[in-house]
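Survey of secondary and tertiary structure
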Amino acid sequence: MKKLTASQVASYRKNGYLFVPKLFPPKEIRAIDREVETLVLEDRPSVIKEHDGKTVRSVLNAHIYSPVIDWLCRSERVVGPVMQLLEREVYIFQSIVNVKRAFDGAQWTWHQDYPTYKIDDKMPEPRAVNVMIFIDDVNEFNGPLMIVPETQKFKVKIGAVDTSVTPYPHGRYPDVDWVKPAMAGKGIVAPKGPAGSAIFMDIMTVHGSGPNMSPWHRNVMSLTLNAVDNKATGTVRGPSICHDYTPVQPLPSKALTAAARA
Ligand SMILES: O=C(O)CCC(=O)C(=O)O
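Attention here is on the structure that accompanies the text. (Residues numbered from 1 in each chain as written. Predicted model: local features only at pLDDT ≥ 70, side-chain atom pairs only at ≥ 80, totals over all residues. Heavy atoms only, no water.)

**Details of the overall build of the protein**
- Counting its secondary structure elements, the protein contains seven helices and twelve strands.
- At 17 Å, the protein has a C-alpha radius of gyration in line with the 18 Å of a compact globule built from 262 residues.
- For the C-alpha atoms alone, the extent of the protein along its principal axes is close to 50 × 40 × 35 Å.
- Relative to its full complement of 262 residues, the protein shows a buried share of 56%.
- A separation of at least 24 residues holds for 85% of the contacts in the protein among residues at least 6 apart in sequence. (Helix = DSSP H or I, 4+ residues; strand = E, 2+ residues; numbered from the N terminus. Rg over C-alpha atoms; globule rule 2.2 N^0.38 Å. Buried < 20%, exposed > 50% of the residue type's maximum accessible area, 1.4 Å probe, protein only. Contact = heavy atoms within 4.5 Å.)

**Describing the pairing of strand β3 (residues 56-60)**
- Most of β3 sits inside the fold, with five of its five residues counted as buried.
- Here strand β2 (residues 47-49) pairs with β3 via three bridges, running antiparallel. Bridging from a neighbouring strand, Val-47 pairs with Val-59 of β3.
- Remark: six residues form the turn of the hairpin made by β2 and β3, two consecutive strands paired antiparallel; Gly-53 in that turn has positive phi of roughly 80 degrees.
- Pairing of β3 with strand β4 (residues 90-100), which is carried by three bridges, proceeds in the antiparallel orientation. Within the sheet, the bridge partner assigned to Ser-58 lies in β4 and is Asn-98. (Pairing = 2+ DSSP bridges.)

**Looking at the sheet that holds strand β7 (residues 145-147)**
- Pairing is antiparallel across the open sheet formed by three strands, whose spatial order is β5-β11-β7. Only two strands of the sheet have a single partner each, and these edge strands are β5 (108-111) and β7. Averaged over all neighbouring strand pairs, the angle between strand axes comes to 25 degrees, with direction disregarded. (Axes fitted to C-alpha atoms, helices over the stretch in contact; angles between N-to-C directions.)

**Quick word on the site of the ligand**
- Near the ligand the following residues occur: Asn-98, Lys-100, Trp-108, His-111, Asp-113, Met-132, Leu-145, His-207, Ser-209, Arg-218 and Ser-222.
- Interatomic distance of 2.6 Å between a side-chain N/O atom of Ser-209 and an oxygen atom of the ligand.
- Here Ser-222 contributes a side-chain N or O atom positioned 3.4 Å from an oxygen atom of the ligand.
- Here the ligand has 290 Å² of accessible area as a free molecule, and 95% of this is covered by the chains.
- Elements supplying a minimum of two residues to the shell around the ligand: β4, β5, β11 (207-209) and β12 (218-227).
- In terms of residue class, the shell around the ligand is made up of three nonpolar, five polar and three charged. (Near = heavy atom within 4 Å. Polar contact = N/O pair within 3.5 Å; in protein donor to acceptor, adjacent residues only side chain to side chain. Areas by Shrake-Rupley, 256 points an atom, 1.4 Å probe, with all protein chains shown as cover. Nonpolar A, V, L, I, M, F, W, Y, C, P; charged D, E, K, R; others polar.)

**Looking at the nonpolar core**
- Membership of the largest hydrophobic core comes to 45 residues, with the highest contact counts inside it found for Ile-32, Val-78, Ile-133, Phe-200 and Met-221.
- Looking at this core element by element, the count peaks at six residues for helix α4 (residues 76-86).
- Counting eleven residues, the second largest nonpolar core, distinct from the first, contains Tyr-91, Phe-93, Met-204 and Val-228. (Core = buried A, V, L, I, M, F, W, Y, C linked by side-chain atoms within 4.5 Å.)

The analysis is restricted to geometry; functional conclusions fall outside its scope.
Written as structure tokens, this is what we have:
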């Protein structure tokens, strides 16, 4: 199973995130990208639109019905490191393909993930990792994820559910004033790199992203793996989260070929 080095683990714990360039080889990511571009054309409740009502923003929990996306969420390349970081077996809490479309993809307002998981999903503790896997190249123009380092040690700040700016229907966004001092002290990072790169992020770390004004889509998988002894039982967000607590068995690359052919 894939593992992080000791210095990668230390960097994650210090900064609240870890960027791993080229975690997946191009051949595997191309298969994922083909699948995503098929999924966005489907007429399903899991396909979420931007405020314009027509541009696709996200595809929720596609791993439930797409064998290729299911493989991505179970790949040893992501599951191995997350098990290592949490020192536990993990289950798939949620998967969201965020397809920030060329020219039309909208922003994600500054937030921590855990407030929603705590209040709405009844996740007992912030012992989950959000992995953002780049399915397209991510550059400074197509709306890279922005992270405020070392904010994983912040107190949980519960914001109101707000869809006025960021159209994801369940996001909780606190007033930005509370994070301004951290931004002034630690700055902001925006990891960029080729498709196949990944960001492992603590679910307490403050993050957001700007709109995509470029001619390039920015498809990413935002996968949250939760420790099996930290089950989230809430139902407020309906099918946005998963209640199958079966520990994930990490899959090797060759399993993708089988998934893609199925
Ligand atoms: O896709 C993005 O740029 C941000 C997604 C995000 O903030 C989230 O899933 O919590």
